[in-house]
Amino acid sequence: MHLLHHLTTGPRAAYRCLWLLLCILPLGVWAQQPAVNGATVRVGVYDNPPKIFMGADGLPDGIFGQMIKELARQHSWQIKPVRCEWQDCLRAVQGGHIDLMPDVALTPERVPLYQFGREPALHSWSQVYQRADLKIESILDLQGKRVAHLTGAVQQSFFANMVSGFHVAVSWVPTASLAEAFQAVADRQADVVLVNHTYGAWMAHNYKLTPTTIMFQPSQLYFVTGQQGNAALLTAIDEQLLAWKKEPDSFYFRNLNRWGGQAPEVVWPAYLLWVLAAATALLVLALAGNYWLRQQVAQKTRSLKASEERLNLILDGVDSAIYIKGPDLRYQYANRKACEALGTTAEAVVGALDDSFMSAEAAEQLNLNDLKVLREGVRVSAEEVHRRADGSARRVWLSVKLPLRDAAGRIYALCGISTDITEQRKHQDEIHRLAYFDPLTGLSNRRMLTERLLEGFASARRTGRNGALLFIDLDHFKVVNDTQGHAAGDALLQGVAERIGDQIRSHDVLARLGGDEFVLLLLDLDAAPDHAASQALAVAEKIQQALQPPFALAEGVDHAISASQGIALFSDVVDTPHDLLRWSDMAMYDAKDAGRNAIRFFNPLMQARASEHAALERDIRHALAAQQFVLHYQPQVDDGGRMRGAEALVRWQHPEQGLLAPGHFIGVAEESGLILPLGRWVLQTACKQMAEWCAVHPGIDWKVAVNVSAKQFHHADFVDHVTEAVVASGIQPHLLELELTESLLLRDVDQVIHKMERLQQLGVSFSLDDFGTGYSSLSYLKRLPIYKLKIDQSFVRDMVDNTHSESIVRTVVALAHSLDLDVIAEGVETQVQQAQLQQLGCHRFQGYLFSRPVPASELQAKWL
């Protein structure tokens, strides 16, 4: 049904729809950020009075200018105006050179380029202005005319579609500013100009232009920032606009009244003169008057038809579905967007019901909202899902529906406006997925687990039920990444997640914290701790069994994996459920210590050990600051008992416990990272001591050996730290020997060799400590720039009575000789051990048989 019918039989319906279009906020999903007070805000200012222009004080003025000043005053912003032409302003906002731009109409083309506020700052429309000597009364009168417009303004593209629809040909005259556009008409370089009504009402009389009856494109004007701009500015502006609009006497309305514009020069329409003339003529000649009246009726009919066409054109240009339904829920009107949403034409829509175009379920949801509006006379705003009858094309719409009433107040129809928010919903769902789920496995992440843990713990306290947290860590997972690549590691993690997920109930929560760590939250377990523990253990054993079959990582490549599991019960917690994650983690490490592929429960002894661990860590930090660590030195001797080197060994001079060996604190130092400052201190102190010995005994030709931990060696600045220690002490670099362990070879061997070669070029030597107890790869051994192997004391201690240990020692000695390396045995405590080592070909020794580690002064007195 044509809109003209509604204008005549139900005129309020169409105008109520148009009112909804102009007044309802743009629909969408907006992110909120807090505004930052005291910020400097760069504001684009172009010449468009009375809305915006540069004032005499060098600050923005006009409707928007005064708004900006008031906003700046209330939020302590520093305004930095940027004068620019319209197109330059828009490009500057998009490029991030302007923080805030006022007076921007919302269009589909601009949505991807800028961030719009959610509250319009001003409502406007566009109008055609003409020279006083022209008589433009409709779009048809523009045939062949020259139309001036602001370059890049939305009026031109919108109006171009309008004149094209009427098959009217015009010439376009683009200008850089509205003032240039008005001047072009005044200078007869153009016939008419397209402009917003506020500028036209304000400036038309200055150029002796008059308004035409052609009005178009009702629009809402917003503040905008660039897509990478500060959305917090828009949030602050939106909140202030909403507050102003609630108060009739607020700054906002006073500002609008102030800039209401100068009244345009009154120009009497030509047709009124004709009316007067016809009325005068009617007194003289009735026939002439009758003819004139017929002409007026015909003209009004044409004008009414043109108005309907203009209204239809405007409504069809809106990017929202606008429609009218009668009391029988049949469509009486639908604009272009509504027809596209229903997948049909306007002719097919009018008179039809929703179930003709969508599934019965979707139609029922829409009709429930429709009936609420029609029966209760209330405004309904709701999300509605449209799905075609064949199940395809699912779209989500945000709909606002209002009742339409006749003069007696009776509801005769409803008008609805629906905006497609499907893409916004997808983006919102994606943001939620990224925030709460692990992207690799699809499992819950730490954030989701924490929320569900708090909810489950609170529920258990209310109901008296129990629960448990299982911390699951894969054993030797790093080997997969190192040998098969990260793609294989990812495939293994996905397979593990799937198998564990098959063993749990629907209301349990399985999460991946990162790496190879999984956490399972078991809810609604038995209230009795013993029974709850049995239930949790049963699940852990099912998981253990589920992981036993090998995983297919690639074609022809299978890999078996096991997991260590730690369990903590809700009933273990006294104060906060956050302890559960830490306690289950501790229990998992207890399972690791038990040989891996094991299951352990948290118990108070673990907490006691953890407390001791934390206290020891604090004491180590204090000891470093208080310089409580000292170095002792153990000589390394040859067959004749002459010293051929010394190893620096750290000791802790504890104020209460006395002198502590490394076994009491090195492990905690490694785990906490304190080994880095401690190791650097050891290196610097040993080099300084060597420099003092060299000053007293210039002929020293032996080396001081310093142990280096894997964590210390892999530090990015390790080479620089060694170089600084050598240079600062002034010793010759060849007098420093760094003892490395085989555990270094488990991580990035090429990088290890690169660092060793850099230090070797400096003159520093390397030995391999505890050889035979770790990696012991011959392929890497021949690549390492070392000059000495150290036989581990465990083999030396057992070699006299254990043939296997003796065989290992013999092999190490032979290997060292074959590679032209020195070899030394540590932990030599008896002459029998020394004699057997000499017989096997080892002629360098270190151990209690010769000397315990002693202070530097004692070593100097006895051995130098």
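Residues numbered from 1 in each chain as written. Predicted model: local features only at pLDDT ≥ 70, side-chain atom pairs only at ≥ 80, totals over all residues. Heavy atoms only, no water.

## Observations regarding the pattern of salt bridges
Link 1 in the chain: One pass over the full model with this rule turns up 38 salt bridges.
Link 2 in the chain: Ionic pairing is found between Glu-617 and Arg-621, a salt bridge with its closest N-O pair at 3.1 Å. Of this pair, Glu-617 and Arg-621 are both found in helix α21 (residues 604-626), four residues apart, which corresponds to roughly one turn of the helix.
Link 3 in the chain: In this structure, Glu-806 and Arg-810 form a salt bridge, with 3.4 Å as the shortest nitrogen-oxygen distance. Residue Glu-806 and its partner Arg-810 are located together in helix α29 (residues 803-818), separated by four residues, close to a single helical turn. (Salt bridge = Lys/Arg side-chain N within 4 Å of Asp/Glu carboxyl O. Helix = DSSP H or I, 4+ residues; strand = E, 2+ residues; numbered from the N terminus.)

## Notes on the nonpolar core
Link 1 in the chain: Core analysis: the largest hydrophobic core is formed by 75 residues, its most contacted members being Leu-736 and Leu-738.
Link 2 in the chain: At eight residues, helix α23 (residues 675-696) tops the list of elements feeding residues into this core.
Link 3 in the chain: Those residues within four positions of Leu-736 in sequence are excluded, and the remaining contacts are Leu-683, Cys-687, Val-704, Val-706, Val-722, Val-726, Ile-731, Val-764 and Ser-765.
Link 4 in the chain: Core analysis: the next-biggest nonpolar cluster, separate from the first, contains 62 residues, Ala-92, Ala-105, Ala-153 and Trp-202 among them. (Core = buried A, V, L, I, M, F, W, Y, C linked by side-chain atoms within 4.5 Å. Buried < 20%, exposed > 50% of the residue type's maximum accessible area, 1.4 Å probe, protein only. Contact = heavy atoms within 4.5 Å.)

## As for the sheet that holds strand β12 (residues 321-325)
Link 1 in the chain: Strand order in this open sheet of five strands is β13-β12-β16-β15-β14, and the pairing throughout is antiparallel. A single partner strand is all that each edge strand has here, and the edge strands are β13 (331-334) and β14 (380-386). Ignoring strand direction, the axes of neighbouring strands in this sheet form an average angle of 25°.
Link 2 in the chain: Relative to β13, β12 runs antiparallel, the two sharing three bridges. (Pairing = 2+ DSSP bridges. Axes fitted to C-alpha atoms, helices over the stretch in contact; angles between N-to-C directions.)

## Brief notes about the packing of helix α3 (residues 62-75) against helix α9 (residues 251-258)
Link 1 in the chain: Two numbers describe how α3 lies on α9: the axes approach to 9 Å, and their chain directions differ by 150°. Classified by the angle between their axes, α3 and α9 sit roughly antiparallel to one another. By crossing handedness, the relation of α3 to α9 is classed as right-handed. Each of Gly-62, Ile-63, Gln-66, Met-67 and Glu-70 in α3 lies in contact with α9, whose residues at this interface are Phe-251, Tyr-252, Asn-255, Leu-256 and Arg-258.
Link 2 in the chain: Looking at side-chain class alone, the contact of α3 with α9 contains five nonpolar, three polar and two charged residues. (Parallel < 35°, antiparallel > 145°, perpendicular 65-115°, else oblique. Left-handed = near helix turned anticlockwise from the far one by under 90°. Nonpolar A, V, L, I, M, F, W, Y, C, P; charged D, E, K, R; others polar.)

## Points about the pairing of strand β31 (residues 822-826)
Link 1 in the chain: Taking burial as the measure, the five residues of β31 include four buried ones, the bulk of the element.
Link 2 in the chain: For strand β30 (residues 788-791) and β31, the ladder comprises four bridges, and the chain directions are parallel. When the sheet's bridge partners are listed, Ile-791 is paired in β31 with Ala-825.

## Some details on helix α8 (residues 231-245)
Link 1 in the chain: When the terminal C-alpha atoms of α8 are compared, their 21 Å separation across 15 residues agrees well with the 21 Å that a helix rising 1.5 Å per residue should span.
Link 2 in the chain: The element α8 is largely enclosed, with a buried count of eleven among its 15 residues.
Link 3 in the chain: Ala-231, Ala-232, Leu-233, Leu-234, Thr-235, Ala-236, Ile-237, Asp-238, Gln-240, Leu-241 and Trp-244 are the residues of α8 that are buried.
Link 4 in the chain: Where α8 begins, the capping side chain belongs to Asn-230, and its oxygen is found 2.9 Å from the backbone nitrogen of Ala-232. (Expected span 1.5 Å × (residues − 1). Polar contact = N/O pair within 3.5 Å; in protein donor to acceptor, adjacent residues only side chain to side chain.)

## Describing the confidence of the model for the protein
Link 1 in the chain: On average, residues of the protein score 85 in pLDDT, and 89% of them are at 70 or above.
Link 2 in the chain: Counted against residues more than four places away or in other chains, residues 1-16, with its pLDDT under 50, gives 34 contacts.
Link 3 in the chain: A low-confidence stretch, residues 261-273 (pLDDT under 50), is modelled with eight contacts involving residues beyond four sequence positions or located in other chains. (pLDDT = per-residue confidence, 0-100.)

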